[in-house]
Amino acid sequence: MPANIQDVADKAHVSVSTVSRSFTRPNLVSASTRNKVLAIAERLNFSISKSAAALKSGRTLRIALLISDQIRLWFGASVIQGLNQIFHTAGYDLSIFQISSSEERREFFTMLPTRRNADAVIVCSFDVNTNEIAQLKTTGVPIVGINCLHPQNCDFDATINIDDDQGARLMARHLIGLGHHNIAYVRTTRDVSLHFSVLQRYHSFIDECNNNGITPVEIVATTGLDRISAIVSTLLGDTNMPTAIACQEDGIAIPLMFQLARSGYSTPNDISIIGFDDSFYAHETGLTTIRQNPVDIATTAAKMTLALINGQEVENPYRIVPAQLIVRSSTAALLNE
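Residues numbered from 1 in each chain as written. Predicted model: local features only at pLDDT ≥ 70, side-chain atom pairs only at ≥ 80, totals over all residues. Heavy atoms only, no water.

1. Digging into the overall build of the protein chain
When helices and strands are tallied, the protein chain shows 12 helices and 12 strands. Counting only residues that meet the buried cut, the protein chain has 50% of its 337 residues in that class. Within the protein chain, residue pairs in contact and separated by at least 24 positions form 71% of the contacts whose partners lie at least 6 positions apart. Element-wise, carbon and sulfur atoms account for 50% of the exposed surface of the protein chain, whose accessible area totals about 15900 Å². (Helix = DSSP H or I, 4+ residues; strand = E, 2+ residues; numbered from the N terminus. Buried < 20%, exposed > 50% of the residue type's maximum accessible area, 1.4 Å probe, protein only. Contact = heavy atoms within 4.5 Å. Areas by Shrake-Rupley, 256 points an atom, 1.4 Å probe, with all protein chains shown as cover.)

2. Some points on the packing of aromatic side chains
One pass over the structure, following the stated rule, counts four aromatic pairs. Seen in terms of ring centroids, F280 and Y281 are 6.4 Å apart; in terms of plane orientation they differ by 55°. Their pairing is tilted. Among the residues examined, Y281 registers a relative accessible area of 58% and is labelled exposed. The rings of Y185, Y202 and F205 are connected pair by pair, giving a single aromatic cluster. The residue whose ring lies beneath R187 is Y202, and the NZ or CZ to ring-centre distance is 4.5 Å. The ring of F276 has R201 lying over it, and the distance from NZ or CZ to the ring centre is 3.8 Å. (Phe/Tyr/Trp six-rings, centres within 6.5 Å; stacked < 30°, edge-to-face > 60°. Lys NZ or Arg CZ within 6 Å of the ring centre and 35° of its normal.)

3. Considerations on helix α3 (residues 31–43)
With 13 residues, α3 extends 18 Å between its outermost C-alpha atoms, agreeing within 8% with the 18 Å of an ideal straight helix rising 1.5 Å per residue. Turning to α3, its buried residues number three or more, namely R34, V37, I40 and A41. Taken down its axis, α3 places every buried residue within 135° of arc, on the same side. In α3, the exposed positions angled more than 90 degrees off the buried face are occupied by A31, S32, N35, E42 and R43. Tucked into the core, α3 has its buried residues touching α1 (5–12) and α2 (16–24). Looking one or two residues beyond α3, the residue adopting positive phi is N45, at roughly 60°. (Expected span 1.5 Å × (residues − 1). Arc of directions from axis to C-beta.)

4. Focus on the sheet that holds strand β5 (residues 158–162)
Ordered by their spatial adjacency, six strands build an open sheet running β2-β1-β3-β4-β5-β11, and the pairing between neighbours is parallel. Here the strands that pair on one side only, and so sit at the sheet edges, are β2 (93–98) and β11 (318–321). Pairwise comparison of adjacent strand axes, ignoring direction, gives a mean angle of 15° for this sheet. Seen against the sheet, helix α12 (residues 294–309) touches β1 (62–67), β3 (120–124), β4 (143–146), β5 and β11 and runs at an angle of roughly 175° to β5. (Pairing = 2+ DSSP bridges. Axes fitted to C-alpha atoms, helices over the stretch in contact; angles between N-to-C directions.)

5. Observations regarding the packing of α1 against α3
One can describe the packing of α1 onto α3 by two numbers: an axis separation of 9 Å at closest approach and a directional angle of 125°. One finds that α1 runs oblique with respect to α3. For α1 against α3, the interelement crossing comes out right-handed. For the pair formed by α1 and α3, the contact residues are V8, K11 and A12 on the first element and K36, V37, I40 and A41 on the second. Of the residues contributing to the contact of α1 with α3, the split by class is five nonpolar, no polar and two charged. (Parallel < 35°, antiparallel > 145°, perpendicular 65-115°, else oblique. Left-handed = near helix turned anticlockwise from the far one by under 90°. Nonpolar A, V, L, I, M, F, W, Y, C, P; charged D, E, K, R; others polar.)

6. Looking at the pattern of salt bridges
In total, this model carries seven salt bridges according to the counting rule given. When the shortest N-O distance is used, the salt bridge between D278 and R291 registers 2.6 Å. Of this pair, D278 sits in the loop between β9 (272–274) and β10 (289–291) while R291 is found in strand β10, placing the two residues 13 residues apart along the sequence. A salt bridge links D278 to R328, with the nearest nitrogen and oxygen atoms 3.0 Å apart. Highlighted residues: D278 in the loop between β9 and β10 and R328 in the segment after β12 (324–326), separated in sequence by 50 residues. Residues participating in the shared-partner salt-bridge network are D165, R169, R173, D207 and E208. (Salt bridge = Lys/Arg side-chain N within 4 Å of Asp/Glu carboxyl O.)

7. Brief notes about the sheet that holds strand β7 (residues 217–221)
Overall, parallel pairing links the four strands, which are arranged β7-β6-β8-β9 in an open sheet. Both edges of this open sheet fall to β7 and β9, since each of them pairs with a single strand only. Neighbour-to-neighbour, the strand axes of the sheet open up by a mean angle of 20°, direction not taken into account. Summarising the sheet, strand β6 (residues 183–188) and β7 pair through five bridges and their orientation is parallel. Opposite R187, over in β7, you have V220 as the bridge partner. Packing of helix α10 (residues 227–236) onto the sheet brings it into contact with β6, β7 and β8 (244–247), and relative to β7 it is tilted by some 155°.

In structure tokens form, the structure reads like this:
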């Protein structure tokens, strides 16, 4: 006969409710007790029914993640990893809603209030408008933001943002400080209303350059497999080749370095290149970049979300994480212009 919850409780010398909480609300059980219960449950090949636990608690044990970034890319994958590290341990599943078009966005916000199918909603990299916030609030569950909305304009229960404004200004100041004035900024063509964070970078970088009497050349990267080649073609087609290029993200900066090298341009001797993220291969390729850690940001967001679900007060619910300039070999002082 398979083991039941009473068998686990007897072996662990705890109550049945403690066994249940160890699976469904681990924050209410000490780490030592929970570890003991889980070890005995594993030895007895026992697992609690999540549906039964949800029915008893009145919760779905599900968190809805609304994300505009592609989940296969570094940032989206890192956010999911960080959230899952916390939620999985707490007995929660993630329901991911990837929004890649205005139509999908409209459909999501139209359907969202019709049913309560999550215990919290996390919104990642969205510039959510007032009407959409109102629709989110009708769910009656905590709303937490990652890299979206300025705290002073926010009606969310909690947010955590990388300081994109600071990071973009660090990019500009670094290049200007190296003597560069002929600067290009490369950004994507994605519906920027779906991606608040990179839009903030763009505006702040341009503003910082303008404050220093510099007007950067703006290059828009199209979607598709040939977007880096298209950027190179745009650069080579201009008689006034920039001496420095700032990229919205490392995912543009790193392949751009290699494509320019194939065209005879050395980094940083001919062109300095700076990215944003400190993502995959940034260290190995020597890319100067702005560091952010989406795994850490997401774990913090998850912890705040669980606290809100449990009716606890969150200390400092609107957090901004400082950006950090990481200088490597892809940028250098301008020797001659």
